[in-house]
Amino acid sequence: MKLYQSIGPNSYRVRIFMAEKGIELPSVQIDFARMEHKAPEFLKLNSLGQVPVLELDDGTVITESIAICRYLEALHPEPPLFGADAVSQGKIEMWNRRMEQEVFATIGNVALHTDPFFKERLTQVPAFAEAQRADVPRKWAWLDRELADGRPYIAGDAFSTADIIGMVASWLGDVFGMVIPDGLDNVGAWDRRMRARPSWNA
Ligand SMILES: N[C@@H](CCC(=O)N[C@@H](CS)C(=O)NCC(=O)O)C(=O)O
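Some thoughts on empty space enclosed by the protein
Argument step 1. The full count for this structure, using the stated rule, is one cavity of 30 Å³ or more.
Argument step 2. Approximately 30 Å³ is the volume found for the largest cavity.
Argument step 3. What lines the largest cavity is Arg13, Phe17, Ile66, Cys69, Thr161, Ile164 and Ile165.
Argument step 4. Considering each element in turn, the lining of the largest cavity owes the most residues, three residues, to helix H6 (residues 161-175).

Encoded structure:
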């Protein structure tokens, strides 16, 4: 099994997930500066020309960071990061989607619509980027209100993939100048706890 990865939040999610599980895999570093992700050989692995990509020993290819995590969870169930029972699985899936769509995507859209790196990937609309940038504080404020019930992790009592999506959103916010606003005590405390985890440095 081999993980093709690079800089950026989506490879980072998989690395955090693997660090939390204690999984080590051979990895191939894809150099964006040299456009290795758009080379014909790489496009045979992922027609979208994106990382991460997991290639199994029989040649099967799994792309999409969360799908790679799902596959690894099936091979390494402990600790369960997608939930141990029906209720926690439902809640984690719910929070994965909420964190993805409400928080990560808002920050990610600023990157996608401003960074020249993405100019071939989509039609960039700078005004949309600015509108999304303005929305980021309210997304974190929403999460802050959610965490006011005192739960330690986004989906409940256990660390999960929902926290990992939040971690990469917070990290990406740092990179693009959208840090978690001061005064959001619950989300601020959650963020400090996540940054203290060894997997933050994965
Ligand atoms: N939905 C994909 C997104 C993958 C993605 O956008 N990866 C970025 C790096 S974080 C990439 O490869 N970008 C290159 C490009 O868009 O051309 C996933 O979750 O894996």
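Past the structure itself, the notes keep going.
Considerations on the nonpolar core
Argument step 1. Among the nonpolar cores identified, the biggest contains 47 residues, and Leu54, Leu72, Trp95, Ile107, Trp140, Leu143 and Val187 are the most heavily contacted of them.
Argument step 2. Counting residues per element, the ones that place at least two in this core are helix H1 (9-21), helix H3 (65-75), helix H4 (86-114), helix H5 (126-146), H6 and helix H7 (185-195).
Argument step 3. Counting residues in hydrophobic clusters, the runner-up holds seven residues, among them Tyr4, Ile30, Phe42 and Val51.

Here we look at the environment of Gln29
Argument step 1. Tracing the backbone through its elements, the reader meets Gln29 in strand S2 (residues 27-29).
Argument step 2. You can call Gln29 partly exposed: its relative accessible area is 49%.
Argument step 3. Residues Gln29 and Asn186 lie 157 residues apart in sequence; the distance between their C-alpha atoms is 36 Å.
Argument step 4. Not counting residues up to four positions away in its chain, the partners in contact with Gln29 are Gln5, Ser6, Ile7 and Glu36.

A short note on the layout of surface pockets
A water-sized probe, rolled over the atoms, reveals where empty space remains.
Argument step 1. Its volume calculated, the largest pocket comes out at about 920 Å³.
Argument step 2. Considering the residues around the largest pocket, the lining is formed by 37 residues, among which Pro9, Asn10, Leu112, Phe118 and Arg121 are closest to the centre.
Argument step 3. Of all the secondary structure elements, the ones that give two or more residues to the lining of the largest pocket are H1, H3, H4 and H6.
Argument step 4. No other element matches H4, which puts seven residues into the lining of the largest pocket.
Argument step 5. Partitioning the lining of the largest pocket into residue classes produces 18 nonpolar, 11 polar and eight charged.
Argument step 6. If you add up the space inside the second largest pocket, you get close to 170 Å³.
Argument step 7. Every residue lining the second largest pocket is counted, 13 residues in all, and those nearest its centre are Ile180, Pro181, Asp182, Gly188 and Arg192.
Argument step 8. Every element with two or more residues in the lining of the second largest pocket is listed here: H6 and H7.
Argument step 9. Considering every element that reaches the lining of the second largest pocket, the biggest residue donor is H7, with five residues.
Argument step 10. Residue composition of the lining of the second largest pocket, grouped by class: four nonpolar, three polar and six charged.

What counts, and at which threshold
- Residues numbered from 1 in each chain as written.
- Predicted model: local features only at pLDDT ≥ 70, side-chain atom pairs only at ≥ 80, totals over all residues.
- Heavy atoms only, no water.
- 1 Å grid on protein atoms, 1.4 Å probe; cavity = no way out; pocket = protein on both sides within 12 Å on 5 of 7 lines; lining within 4 Å.
- Points joined across faces, edges and corners; volume = space filled by probe spheres on them.
- Helix = DSSP H or I, 4+ residues; strand = E, 2+ residues; numbered from the N terminus.
- Core = buried A, V, L, I, M, F, W, Y, C linked by side-chain atoms within 4.5 Å.
- Buried < 20%, exposed > 50% of the residue type's maximum accessible area, 1.4 Å probe, protein only.
- Contact = heavy atoms within 4.5 Å.
- Nonpolar A, V, L, I, M, F, W, Y, C, P; charged D, E, K, R; others polar.

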